[in-house]
Amino acid sequence: MDKNNVKILVVDDEEGIQCVIEGYFQKKGYEVYTAGNGVEALKILNRVEINCIFTDIDMPIMDGLELAEQVRLIESSLPVVVMTGCPSLENSIQTLKNGVVDYLIKPINLEQMELTLTRILKEREYFVENLILKEEIKRQKRLHQLNEELLRRVEEVNTLNRVMEDFAAINSSYDMYNKIVELGVEELKADQSFFHIYSEDGNCLVMVAESSVGNSSNPTLKLYGKDIPEPVKAFILTSLKKGHSPCLIAGAGRPDIMGEPIRSFMSVPLKIRDKVFGVASAYIFEAGRDFSEQDLYYMSFIAQKAAFAIENIALYENIYENLFSTLFAFVTALEARDQYTHKHSARVSKYAQLIAEEMGCSEEELDVIDVAGSLHDIGKIGIPDDILLKPGRLTSEEYETIKSHPVIGADIIGKLGLWNREKEIIRHHHERFDGKGYPDGLKGHQIPKLARILAVADCYDAMASDRSYRKKMDKEVVVEIIRDNAGTQFDPEVVEVFLRISDHGFL
Ligand SMILES: [Fe+2]
């Protein structure tokens, strides 16, 4: 440290001593402050950043030992050197207690005093450096810990987001059960994972989904049984010994594991409105690896979110079923008023499904055409009775009114927001392959495939049923008309499949 920057404070009630020391050190380039007692010294310390204090012990108002004590409380690293004429054992002990770093015997040897000052300042410099270094190490360590914690949190949030995204894409309870066990294997790194539904009546667990890593030698598990108490708690078992058979539910329901011993096991109940609905479980067979509390947390999160999603799906399925039943009741009521169209929509739906199945449509498409077929004429609700129920032929004006039913029907279904594909099929079930149909005059493959199928089924049933203005045609005649209109009114591909079904006598 440069002498010019060193500030020392000399505290002594003898002005002569103050002057001598001040003169000596000023000449050497130090900045020197003087005080006659401890109180004056503290005032100086309040305004000046002193590097070292030399103080007498016996002084009026506040003595040197009390000053040392005060300094220790204010700035513990500020060195205090005591100057005393008669060093006693008691004083020496007290000075050490008060954090005094050294003491000098009066009369003071100024050179000795300077050497002491130099040594103390050097020591203080090392001490401060050491302190900073220690703080830095502590800070780095804390930073490292925080960084690790942050990474762990990010990973946790990512995992939870993945779970939420996966669940958001699911719209059936069955798929949800499978997703729970898939997540058990993928996210929790379980060797095998199960989902059981808890049957309150039968006091048993019924396995509905299972997933495992690859096709490695999986043990055969039977995790169901009678007299199982309600699995209310989530729990984890780790470091299991060979031959240990953990209970699926604490206290009961021993799973019978054949093959490799279980190393670690987790079980989490899935509750809907506080009632246990099912149990998700996960197993590790590999020695040396265990589930952690974090894994149990993830599993509980999965179970909780799945429970919420399953409840929503159940509610949605219920609403969907109810709505469909209500709308179909409208269609049935409409048809019941007209003896000629009785059960027309139900038959159209059946024929359309037969054709769609033969054309290789997916399960989802079959469901769509089932709903669309059943509700395709629901727009007739908006047609006045005197036109709808008019016996005999319609005027061209009346026919135009009837032609509005696909648009009215699509509008009704569209407003519900549940059946967008069905809405399109209902709107276009009177389009023609050659573009001469209604309401939009769509042509060829512009018309949705399922609407092209529905058009054939609809016309077949209409022609094969009695109408107020004509008797029903023979089946052979109807089939011939449909064959003749392939490529004009109907999609030839659909007609080809229709003829095949007809030949096989399925209609
Ligand atoms: Fe129609």
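Residues numbered from 1 in each chain as written. Predicted model: local features only at pLDDT ≥ 70, side-chain atom pairs only at ≥ 80, totals over all residues. Heavy atoms only, no water.

**Description of unusual backbone geometry**
Point 1. A cis amide bond links K106 to the next residue, P107, at an omega of 0 degrees.
Point 2. Structurally, the position occupied by P107 is in the loop between strand 5 (102–105) and helix 5 (110–168).
Point 3. Omega for the peptide link from Y438 to P439 comes to 10 degrees, which places this bond in the cis form.
Point 4. With phi around 65 degrees, I61 is a residue other than glycine that occupies positive phi space.
Point 5. Considering the arrangement of structural elements, one finds I61 in the loop between strand 3 (52–56) and helix 3 (64–74).
Point 6. In the Ramachandran plot, R273 falls in the positive-phi region, its phi being about 50 degrees despite a non-glycine side chain.
Point 7. Locating R273 in the fold gives a position in the loop between strand 11 (264–272) and strand 12 (275–284).
Point 8. In this structure R273 comes out as exposed when scored by relative accessible area, which is 67%. (Helix = DSSP H or I, 4+ residues; strand = E, 2+ residues; numbered from the N terminus. Buried < 20%, exposed > 50% of the residue type's maximum accessible area, 1.4 Å probe, protein only.)

**Here's the deal with the confidence of the model for the protein**
Point 1. When pLDDT is averaged along the protein, the result is 84, and 86% of the positions lie at 70 or above.
Point 2. Within the model, pLDDT remains below 50 along residues 215–224, and this stretch shows 26 contacts once partners closer than five positions in the same chain are excluded. (pLDDT = per-residue confidence, 0-100. Contact = heavy atoms within 4.5 Å.)

**So, the sheet that holds strand 7 (residues 204–212)**
Point 1. Taken in spatial order, the 5 strands make up an open sheet running 7-6-12-11-9, and their pairing is antiparallel. Across the chains shown, the open sheet's two edge strands, defined by having one partner strand only, are strand 7 and strand 9 (235–237). Put simply, the sheet's adjacent strands are angled 20 degrees from each other on average, direction ignored.
Point 2. Bridge analysis of strand 11 against strand 12 gives 9 bridges, and the strand direction is antiparallel. By the bridge assignment for strand 12, M266 is matched with A282.
Point 3. Helix 7 (residues 293–336) rests against strand 9, strand 11 and strand 12 of the sheet, and its axis sits at about 25 degrees to strand 11. (Pairing = 2+ DSSP bridges. Axes fitted to C-alpha atoms, helices over the stretch in contact; angles between N-to-C directions.)

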